[in-house]
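# Structure at a glance
So the chains spell out like this:
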Protein chains: 2
Amino acid sequence: MDQITPTLAVATEPVERRRLPPEERRRQIVEGAVTFFADVGLDGKTRDLAKRLGITQSLLFNYFANKAEIIEAVYAHVYLDRLSEDWPRRLTDRSVPLRERLLTFYSEYSELIFEYEWMRIFMFSGLAGAELNRRYLKHMGTVILLPLLEEIRAEAPQEVSPEMEDIWNLHGGIVYIGIRRHIYQVPTPEDPSRAIERAVDRFLQSFGLV
Amino acid sequence: MDQITPTLAVATEPVERRRLPPEERRRQIVEGAVTFFADVGLDGKTRDLAKRLGITQSLLFNYFANKAEIIEAVYAHVYLDRLSEDWPRRLTDRSVPLRERLLTFYSEYSELIFEYEWMRIFMFSGLAGAELNRRYLKHMGTVILLPLLEEIRAEAPQEVSPEMEDIWNLHGGIVYIGIRRHIYQVPTPEDPSRAIERAVDRFLQSFGLV
DNA sequence: CAATTAATAGATCATCCGATCAATAGGGTT
DNA sequence: AACCCTATTGATCGGATGATCTATTAATTG
């Protein structure tokens, strides 16, 4: 099996100082754990994580009761408060042209999903059957994509009526760029904004907009 | 961690008969391994696999030198000879309308990628950094999507010129249905053909076709 | 029906893993 | 400089894991 071999002891900061303030040490562990588990998956071993952090394995359990708790902290650090509360409002702000709303949304949203850690941990937890992903996608559907559907329906001529699956299709086509880049690790455009813009324009055009 | 708990000893066939012919036993192991590793990931334990197959763990190593060899057999069983050699030719057969070519291709191709085992093992191996996935996507790009790009360019009016990323976008939007269903395990249309048809039509329409 | 052969099971090994705990030492305080 | 608190360490435990080996048992052959 060609698992990615966990890089050993890549000390991001000089490791001289032992005995950090607990808050800081905890933060350091979580941040290290995010990239570590993004690299090797949620089955990554605590000994490897500790080695990468330049600390002993036992110290991990001084800050977290068990490994599951570390992963909880990773989830929290990667996902919590990363979905802007502002998006639903701005997506439905009809004083701004629909095309512009869509482009600014996907411009900001893509910064999130094209992040290495975000994309990989989301995929790992999805495969593990985590409830997190279902909650997230459900939220995404009701809070972002459904309002978006209504916006398009409001502006589109009567003869063409978009469906929810059409919105998911637009969304998936964009997300797939990040999947290619961070999961399959194949070349993708450095800056995806052009591809996104073209996808959005094709979408709008097909519903008689733009 | 909320790993999917491997189902224990779900004997697909009656296990009465021991002492199977080697060929048959091997085939049985591989097929069981495909769904097993698709469920729990490539880190799945050989003891759990054996339990599900209704055989002892040591028997596995009578047919395979080690676990990596089992996974190789799983890869082979899931991927080899599953990309029809016929697709490139049929996609470029200009005696058939382009829309029809696209629809029949994605109709057949989606049967492949919407398969539970295919999708999950492909994602697991992608995350593990397997070369397999890069080879596959490269092959997909050059043998299917690039010719497809040429076909669209040939038929599209000069003023609009599709790019390779546009084709990947079409492709990704369709594949994403399978990702939602089998990776994130959220509800998707029972039959994706309607969504695929609409996506293809939007795509063609935006390039002045149909 | 006995003999031969190959599949199978169960015990076992060395290693690895998550987690625990007593001992140690860093560094701020007095 | 001595003291004390606690962050950190290193040794260790029980259980799991991939892989091996030997004894047993089922089917095939003559």
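Scope of this entry: the structure provided in the associated data block.

Cut-offs used in this document
Residues numbered from 1 in each chain as written. Chains lettered and ligands numbered in written order. Predicted model: local features only at pLDDT ≥ 70, side-chain atom pairs only at ≥ 80, totals over all residues. Heavy atoms only, no water. Salt bridge = Lys/Arg side-chain N within 4 Å of Asp/Glu carboxyl O. Buried < 20%, exposed > 50% of the residue type's maximum accessible area, 1.4 Å probe, protein only. Axes fitted to C-alpha atoms, helices over the stretch in contact; angles between N-to-C directions. Helix = DSSP H or I, 4+ residues; strand = E, 2+ residues; numbered from the N terminus. Parallel < 35°, antiparallel > 145°, perpendicular 65-115°, else oblique. Contact = heavy atoms within 4.5 Å. Nonpolar A, V, L, I, M, F, W, Y, C, P; charged D, E, K, R; others polar. Least-squares fit on C-alpha atoms with pLDDT ≥ 70 in both. Expected span 1.5 Å × (residues − 1).

### Structural notes on the pattern of salt bridges
- In total, this model carries 36 salt bridges over all chains according to the counting rule given.
- With its nearest N and O atoms 3.3 Å apart, the salt bridge here joins A:Asp86 to A:Arg89.
- Under the relative-accessibility criterion, A:Asp86 is labelled partly exposed at 30%.
- By relative accessible area, which is 48% here, A:Arg89 ends up partly exposed.
- Through salt bridges with shared partners, one network takes in A:Glu163, A:Asp166, B:Arg194, B:Arg198 and B:Arg202.

### What about the packing of helix H9 (residues 164-184) of chain A against helix H8 (residues 131-155) of chain B?
- The geometry of H9(A) relative to H8(B) is characterised by a closest axis approach of 10 Å and an angle of 140 degrees between their N-to-C directions. Taken together, the axis directions place H9(A) and H8(B) in an arrangement best described as oblique. Contact residues: H9(A) offers A:Tyr176, A:Arg180 and A:Tyr184, while H8(B) offers B:Asn133, B:Arg134 and B:Leu137.
- Taken together, the residues of the contact of H9(A) with H8(B) sort by class into 3 nonpolar, 1 polar and 2 charged.

### Some thoughts on the relation of the copies chain B and chain A
- When chain B is fitted to chain A, the residual RMSD is 0.1 Å, and the transformation amounts to a turn of 180 degrees plus an axial shift of 0.0 Å. When the rotation and shift are considered jointly, the pair of chain copies conforms to a two-fold rotation axis. Among all C-alpha atoms of chain B, that of B:Gly173 lies closest to the rotation axis, at 1.9 Å.
- Comparing interface residues between copies, 100% of those in chain B also sit at the interface in chain A, which points to an isologous, same-surface contact.

### Here we look at the environment of B:Ile179
- Its location among the elements puts B:Ile179 in helix H9 (residues 164-184).
- Relative accessible area serves as the criterion here: at 0%, B:Ile179 is assigned to the buried category.
- Separated by 41 residues in sequence, B:Ile179 and B:Lys138 place their C-alpha atoms 19 Å apart.
- Setting aside residues no more than four positions away along its own chain, B:Ile179 makes contact with A:Tyr176, A:Ile179, B:Met119, B:Met123 and B:Tyr184.

### Topic: helix H4 (residues 67-79) of chain B
Residues and elements named next belong to chain B.
- Look at H4: 18 Å from first C-alpha to last across 13 residues, which is about the 18 Å you get at 1.5 Å a residue.
- The set of residues buried in H4 consists of Lys67, Ile70, Ile71, Ala73, Val74, Tyr75, Val78 and Tyr79.
- Elements in contact with the buried residues of H4: helix H1 (22-40), helix H2 (46-53), helix H3 (57-63), helix H7 (116-127) and H8.

These values are about where atoms sit, not about what they do.
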